[in-house]
Amino acid sequence: MIIVMKAGAAKKDKDEVLRRIRELGYRPHVIHGETRDVIGAVGDERDKALLQSLESLHGVEKVVPILQPYKLASKEVKKEASLVRISDDVVIGGRQVIMMAGPCSVESEQQIIDSALAVKKAGAHILRGGAFKPRTSPYSFQGLEEEGLKLLAKARDLTGLPFVTEVIDPETAELVAGYADILQIGARNSQNFALLKKVGQLRKPVLLKRGMSMSIQEFLMSAEYIMSEGNQAVILCERGIRTFETATRNTLDLSAIPVLKGKTHLPVVIDPSHGTGNHHYVAPMCYASVAAGADGLIVEVHPDPEHASSDGPQSLKPAKFEAMMAKLRLFVEADGRTL
Ligand code: PEP
Ligand code: MN
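As a starting point, this report considers the structure included with it. All values derive from a computational prediction rather than experimental measurement. (Residues numbered from 1 in each chain as written. Chains lettered and ligands numbered in written order. Predicted model: local features only at pLDDT ≥ 70, side-chain atom pairs only at ≥ 80, totals over all residues. Heavy atoms only, no water.)

## Notes on the side chain of Thr 276
And then number 1: Looking at the secondary structure, you find Thr 276 in helix H9 (residues 272-276).
And then number 2: Overall, Thr 276 belongs to the buried group, its relative accessible area being 6%.
And then number 3: Residues in contact with Thr 276, not counting those within four places in the same chain, are Thr 248, Arg 249, Asn 250, Tyr 281, Val 282 and Met 285. (Helix = DSSP H or I, 4+ residues; strand = E, 2+ residues; numbered from the N terminus. Buried < 20%, exposed > 50% of the residue type's maximum accessible area, 1.4 Å probe, protein only. Contact = heavy atoms within 4.5 Å.)

Below, the structure is given as structure tokens:
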């Protein structure tokens, strides 16, 4: 249910609504609007009629049901686009298109520092790098774990770039959150509900990847798991889905951008590296993503892709990344945005 407060409702009226929502066994989430606040009340769906009684409280304009199964993620609750602040000068969801770039995995100090310097020089805003790697095979490189997080922090100190890195289980989530600026939930974990709840309790922005067999509705339900625990800073990431097509590693669903934009206020980022699996296809998909309205991109860049421990074939060399960024800027500016 959404409790729409009257424009200019007093704080004591709002506090009373919050108290009553909790008393009825629901969790309130205040969403500040331009002219009025709305309060999302989430909890057990079965006796939501109880909330209707709040309509008689002072300062309440109306109580309306949220029709979608996802509530806090829905545009019904919040029409304006959400801005997710990463650092003093990096915000995702605004006029600036945000570029996250770096290697699939952190491999060594030299490799992550070289990558960070290269992507920074080309104009990236955020460094990416996996320290805990969820590999399809147990015999593949599993990542440097905490040592990798320390190296990412070193690269951040050197370049000023915040970093995004993956969290693979609830047990190590706090450890990762102690270092990272953004917690990535990978495609393979996007319906790991215990993990979603855990990152929902942490106070760090979350980059939630779409699972490879996930519908848009299921994707938004996963975002809802995070938000319903109190963490509203969720960034959605389309990274390709499984189809019958084998010419690309996955099928990058660019139509997800306008579809999501119609359903949610959360920012949408595209990962063309995992989406295509081939470095030749990354630049054209970046340009197309911007044209389709993506708020940002996450791209794999490696100083020596031929010898990468993971995802070399889809990683751009720094010079290619820099050339791509120069052309991307033209598309971004044509759309009236900045890079
Ligand atoms: C990654 O970002 O390196 C990764 C493993 O991504 P995904 O979960 O989308 O496969
Ligand atoms: Mn990868």
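## Focus: helix H10 (residues 279-291)
And then number 1: Buried within H10 we find Val 282, Ala 283, Cys 286, Tyr 287, Ser 289 and Val 290.
And then number 2: Among the structural elements, helix H8 (256-263), strand E13 (268-270), H9, strand E14 (296-300) and helix H11 (318-334) are those in contact with the buried residues of H10.
And then number 3: With a side-chain oxygen positioned 2.9 Å from the backbone nitrogen of His 280, the residue opening H10 is Asn 278. (Polar contact = N/O pair within 3.5 Å; in protein donor to acceptor, adjacent residues only side chain to side chain.)

## A word on the site of ligand 1
And then number 1: Taken together, Cys 104, Arg 128, Lys 133, Glu 166, Gln 184, Gly 186, Ala 187, Arg 188, Lys 209, Arg 239, His 274 and Glu 300 are the residues near ligand 1.
And then number 2: At 2.8 Å, a side-chain N or O of Arg 128 approaches an oxygen atom of ligand 1.
And then number 3: The protein chains hide 96% of the 290 Å² of surface that ligand 1 would expose on its own. (Near = heavy atom within 4 Å. Areas by Shrake-Rupley, 256 points an atom, 1.4 Å probe, with all protein chains shown as cover.)

## Regarding the pattern of salt bridges
For side chains of opposite charge, pairing can occur when their charged atoms come near one another.
And then number 1: Taken as a whole and judged by the stated rule, the model has 20 salt bridges.
And then number 2: Its salt-bridge partner being Arg 156, residue Asp 181 comes within 2.8 Å of it at the nearest N-O pair. Remark: Arg 156 occurs in helix H4 (residues 146-159) and Asp 181 occurs in the loop between helix H5 (170-177) and strand E10 (182-185); sequence separation between them is 25 residues.
And then number 3: For Asp 181, a relative accessible area of 17% puts it in the buried group.
And then number 4: Between Lys 261 and Asp 295 there is a salt bridge, and its shortest N-O distance comes to 2.5 Å. Taken as a pair, Lys 261 in helix H8 and Asp 295 in the loop between H10 and E14 lie far apart in primary sequence, 34 residues in all.
And then number 5: Lys 261 gets classed as partly exposed once you look at its relative accessible area, which sits at 26%.
And then number 6: Each of Glu 16, Arg 19, Arg 20 and Glu 23 takes part in a single network of salt bridges with overlapping partners. (Salt bridge = Lys/Arg side-chain N within 4 Å of Asp/Glu carboxyl O.)

## As for the coordination of the manganese ion (ligand 2)
And then number 1: Here the manganese ion (ligand 2) is held by the protein donor atoms Cys 104 (SG), His 274 (NE2), Glu 300 (OE) and Asp 311 (OD), which lie 2.0 to 2.4 Å from it.
And then number 2: In primary sequence terms, the donor set of the manganese ion (ligand 2) follows C-x169-H-x25-E-x10-D. Note that Cys 104 is positioned in the loop between strand E7 (98-102) and helix H3 (109-122) and Asp 311 in the loop between E14 and H11, a separation of 207 residues in sequence. Side by side, Cys 104 and Asp 311 carry an identical accessibility label, which is buried. (Donors = N, O, S within 2.8 Å, 3.2 Å for Na, K, Ca; no water.)

## Details of the environment of Leu 196
And then number 1: Within the fold, Leu 196 resides in helix H6 (residues 193-201).
And then number 2: A residue is classified by how much of its surface remains accessible, and Leu 196, at 0% relative accessible area, is buried.
And then number 3: Residues Leu 196 and Leu 208, spaced twelve residues apart in sequence, show a C-alpha to C-alpha distance of 9.1 Å.

## Examining the nonpolar core
And then number 1: If you look at the biggest cluster of nonpolar residues, it comprises 71 residues, and the most contacted ones within it are Met 99, Phe 321 and Leu 328.
And then number 2: Examining the composition of this core, we find that six residues originate from one element, helix H7 (residues 216-228), more than from any other.
And then number 3: Leaving out residues up to four positions away in the same chain, Leu 328 has contacts with Met 99, Cys 286, Tyr 287, Val 290, Leu 297 and Leu 339. (Core = buried A, V, L, I, M, F, W, Y, C linked by side-chain atoms within 4.5 Å.)

## Concerning the sheet that holds strand E2 (residues 27-32)
And then number 1: The strand order across the open sheet built from four strands is E2-E3-E1-E4, with neighbouring strands paired in antiparallel fashion. Strand pairing shows two members of the sheet lacking a second neighbour, E2 and strand E4 (60-64), which therefore form its edges. Averaged over all pairs of adjacent strands, the angle between their axes in this sheet comes to 20°, without regard to strand direction.
And then number 2: When strand E1 (residues 2-5) meets E4, the two strands line up antiparallel, connected through four bridges. Across the sheet, residue Ile 2 finds its bridge partner in E4, namely Val 64. (Pairing = 2+ DSSP bridges. Axes fitted to C-alpha atoms, helices over the stretch in contact; angles between N-to-C directions.)

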